[in-house]
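Report on the structure
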Amino acid sequence: MDFIQELKQKVRKNPKTVILAEGTEPRMHKAAEALVKEKLVKEVFLTGRDSEVLAVAKKEGIDLSGISIIDPEKFSGLDRFAAEYYNLRKHKGVSEQDAREAVKKDLIFSALHVRLGLSDGMVAGAVSTTADVSRTAVTVVQPRPGIKYISSFFIMVTPREEYGEKGVFIYSDCGLIPEPSAEQLKDIAIASARNARLLCGMEPRVALLSFSTKGSAKHPSIDKVIKARELLDQGQVDFIYD
């Protein structure tokens, strides 16, 4: 069995609730339909205006059985969402009225759905920019305690089993932090190790990459990698690294 199928089996044993923030995007409909058919979720939401979401489903021939449409403007808990967002952003000058309007936006609404425990995860980025999605995640969901910086990663799967853990490895940061500092590299390494253990079931081995081979070059970017290694040493991390 390949890694993707193993991951799906794990998910089926403990399915979660997922909210898809761009409910008028056809790819989100197809994803929601597949999640339900493959029994990979406990519940799945499509965020958007009822009429617009239904129109897309009709046009694409999507079966919405088992999929819930959640319209922010009709949501019964909108007052609670607005109060939560106001408390999060009032230090930035956001008024109560501003907050009430902001939480009607699909991205912010969906992120609050996660923050308040109504969903376990959010999917976005098919229409929204990476900057908008990451900004919303940082300001609304917020990082895990102890992690200052949000980073991204790919799970890479290759038939060459000599790479990673039987052909599976995590590659970070792939686009969210283009020029990380030493402190950010440290957080990225820790987050990557946690994700490797959690998602891939592997004992993490972390490599900090640069273009210098055993000190063959000198450059400020290499200095940052060396400093990040020193910070990891000081933190007594529970993974192996090179």
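Everything below is about the structure printed above this text.
Heads up: these notes are all about the structure in this document. In this text the structure is predicted, and so the values were computed from the model without any measurement.

Quick look at helix α7 (residues 130-141)
- Under the 1.5 Å per step criterion, the end-to-end length of α7 is 15 Å for 12 residues, consistent within 8% with the ideal 16 Å.
- By the burial criterion, the buried members of α7 are V133, S134, T136, T139 and V140.
- Elements in contact with the buried residues of α7: α4 (78-89) and α6 (106-115).
- At the exit of α7 stands Q142, carrying a positive phi of roughly 75 degrees.

Examining the environment of R194
- Tracing the chain through its elements places R194 in helix α8 (residues 182-200).
- C-alpha separation for the pair R194 and D238, spaced 44 residues apart in sequence, amounts to 9.8 Å.
- Here R194 is in contact with R144 and I147, once residues within four sequence places are set aside.

Comments concerning a nonpolar patch on the surface
- The grouping of F154, M156, Y171 and L209 at the surface amounts to a nonpolar patch, some 430 Å² of accessible area in total.
- In this structure, L209 sits in the loop between β7 (205-206) and α9 (220-235).
- The exposure class of L209 is exposed, given its relative accessible area of 62%.

The rules behind these values
Residues numbered from 1 in each chain as written. Predicted model: local features only at pLDDT ≥ 70, side-chain atom pairs only at ≥ 80, totals over all residues. Heavy atoms only, no water. Helix = DSSP H or I, 4+ residues; strand = E, 2+ residues; numbered from the N terminus. Expected span 1.5 Å × (residues − 1). Buried < 20%, exposed > 50% of the residue type's maximum accessible area, 1.4 Å probe, protein only. Contact = heavy atoms within 4.5 Å. Patch = residues over 30% accessible without salt bridge, like charges linked within 9 Å, V, L, I, M, F, W, Y side chains within 5 Å. Areas by Shrake-Rupley, 256 points an atom, 1.4 Å probe, with all protein chains shown as cover. Salt bridge = Lys/Arg side-chain N within 4 Å of Asp/Glu carboxyl O.

Remember that the coordinates give geometry; whether it matters functionally is a separate question.
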